[in-house]
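Examining the three-dimensional arrangement
The lines below spell out each chain.
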Amino acid sequence: MTTKAISEARLESVIDRGENCAEFVIRPLYYGYGNTLGNSLRRVLLSSIKGAAITSFSIEGTTHEFTAIPGIREDVVDIMLNLKNIKFKVHDDNPIELHLEIKGSDQSEKDGEKRVVAGDISLPGDVELANPNQTICHIDDDNYTLKMNMIVESGRGYLTLEQSGKDRLHSDMIALDAVFTPVLRVRYSVENTRVGQDTNLQQLNLIVTTDGTISPREAFEEAAAILVNQYSALAGGTEVESAPVPGVIPREEETGLTMSIEELGLSARTANALMNNEIHTVKDLVALSDSDLKELKGFGTKALDEVKEKLTELNI
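A brief look at the structure comes next.

This part is about unusual backbone geometry. Cis geometry marks the peptide bond from arginine 27 to proline 28, where omega comes out at -5°. Examined against the element boundaries, proline 28 turns out to sit in strand β3 (residues 21–30). Unlike most non-glycine residues, asparagine 20 shows phi in positive territory, near 60°. Looking at where asparagine 20 falls in the secondary structure, it is placed in the loop between β2 (10–18) and β3. Overall, the relative accessible area of 27% leaves asparagine 20 in the partly exposed class. Non-glycine residue glutamate 278 carries a positive phi angle of around 65°. In this fold, glutamate 278 is placed in the loop between α5 (268–276) and α6 (282–286). We classify glutamate 278 as exposed; its relative accessible area is 58%.

Following this line, the structure appears as structure tokens:
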């Protein structure tokens, strides 16, 4: 079955708003579709974009999270919170085990503590790190050697602690709940816009901020593709004809609009009045309402009647 379509919006522009942040301007939209599209994209961006996170870890000498580690300023719970903030980009769908080994005396800082950061983790070629300066812990004993193993997995949305614990790659590891989404924040606003004489239209402004493991443009396009796939499955065999953008005249109808005012065969007085007001083509002419034309300098009621009669002859 084929039906008439609501006309398609366009991605008008993408504006850089800072590091890992961009604004997407979508227009024109029929009235009400700004919020419909904005809310759908926002929900998918925050819940369904693929990312990676640490789902379990182990520290040599500890057996559970409620442990204080001699030689480490933080306890295990603090380390867990820091591990959740490490942002990975993984090019493999399988769980990947990472290792970290560092001694307190290695490059000790002025206050006698060694700050251990995400950049100290040994990474294989299929894993990238977006925030290498993220703190993991501080070693306050020069003789202590921190040895950690971490499991990084790819996923979408949120993985609960219970699920993470049940699916642990190594049963002796401490499970972490994981937020996979690489999208940190999504804001949108809807404003009125116009195209030609059509004023009952909307513009959607969508601002996307990511964690650096994916660009805002990549996240936006992935969210749009997810929505397309979901709705295509629901549409069944129904096909929708392509419809023109509101306020924009289809190309096949533009032939007569490219005619110059001189080609219309108007009286010299009427033609000169139009051209003196910077109206040089039929397209310029039909973009104006009757009231707009009457306000033109040197253009009266007789000239308006002449123009309307001529346009009627041309089926414009």
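Within helix α2 (residues 76–84) the residues assigned to the buried category are Val76, Ile79, Met80, Asn82 and Leu83. Down the axis of α2, the buried set is contained in an arc of 165°. They therefore lie on one face. Two or three places before valine 77, at the start of α2, stands the capping residue aspartate 75, its side-chain oxygen 3.3 Å from that residue's backbone nitrogen.

Core analysis: the biggest nonpolar cluster contains 31 residues, and Phe57, Leu83, Phe88, Ile136, Leu146 and Met148 have the highest contact counts within it. At the level of elements, β4 (51–59), α2, β5 (88–90), β6 (96–103), β9 (135–139) and β10 (145–155) are the ones that each hand at least two residues to this core. If near-sequence neighbours (up to four positions away) are discounted, isoleucine 136 is found in contact with Ile79, Asn82, Leu83, Ile86, Leu100, Val116, Val117, Ala118, Ile121 and Met148. Val44, Ile49, Ala219 and Ala223 belong to the second-largest nonpolar core, a separate cluster that totals 18 residues.

Next up on the list: the side chain of glutamate 23. In this fold, glutamate 23 is placed in strand β3. One polar contact links glutamate 23 to arginine 17, side chain to side chain, over a distance of 2.4 Å.

With that settled, consider the pattern of salt bridges. In this structure the tally under the stated criterion is 8 salt bridges. Among the ionic pairs, arginine 73 bridges to glutamate 113, the shortest N-O distance being 2.4 Å. Taken as a pair, arginine 73 in the loop between β4 and α2 and glutamate 113 in the loop between β6 and β7 (114–117) lie far apart in primary sequence, 40 residues in all. Glutamate 113 gets classed as buried once you look at its relative accessible area, which sits at 14%. Between lysine 84 and aspartate 177 there is a salt bridge, with the nearest N and O atoms lying 2.6 Å from each other. With lysine 84 in helix α2 and aspartate 177 in the loop between β12 (174–175) and β13 (178–179), this pair connects stretches of sequence that are 93 residues apart. Since its relative accessible area comes to 35%, lysine 84 is described here as partly exposed. Taken together, the shared-partner salt bridges in this structure form one network comprising Arg10, Glu12 and Arg27.

As a further point, take the sheet that holds strand β14 (residues 183–195). If you walk across this open sheet you meet the 4 strands as β2-β3-β15-β14, and the pairing is antiparallel. Edge strands, defined here as strands with exactly one partner in the open sheet, are β2 and β14. Put simply, the sheet's adjacent strands are angled 20° from each other on average, direction ignored. Pairing of β3 with strand β15 (residues 198–210), which is carried by 8 bridges, proceeds in the antiparallel orientation. Across the sheet, the residue bridging to tyrosine 30 is leucine 201, located in β15.

What counts, and at which threshold
- Residues numbered from 1 in each chain as written.
- Predicted model: local features only at pLDDT ≥ 70, side-chain atom pairs only at ≥ 80, totals over all residues.
- Heavy atoms only, no water.
- Helix = DSSP H or I, 4+ residues; strand = E, 2+ residues; numbered from the N terminus.
- Buried < 20%, exposed > 50% of the residue type's maximum accessible area, 1.4 Å probe, protein only.
- Arc of directions from axis to C-beta.
- Polar contact = N/O pair within 3.5 Å; in protein donor to acceptor, adjacent residues only side chain to side chain.
- Core = buried A, V, L, I, M, F, W, Y, C linked by side-chain atoms within 4.5 Å.
- Contact = heavy atoms within 4.5 Å.
- Salt bridge = Lys/Arg side-chain N within 4 Å of Asp/Glu carboxyl O.
- Pairing = 2+ DSSP bridges.
- Axes fitted to C-alpha atoms, helices over the stretch in contact; angles between N-to-C directions.

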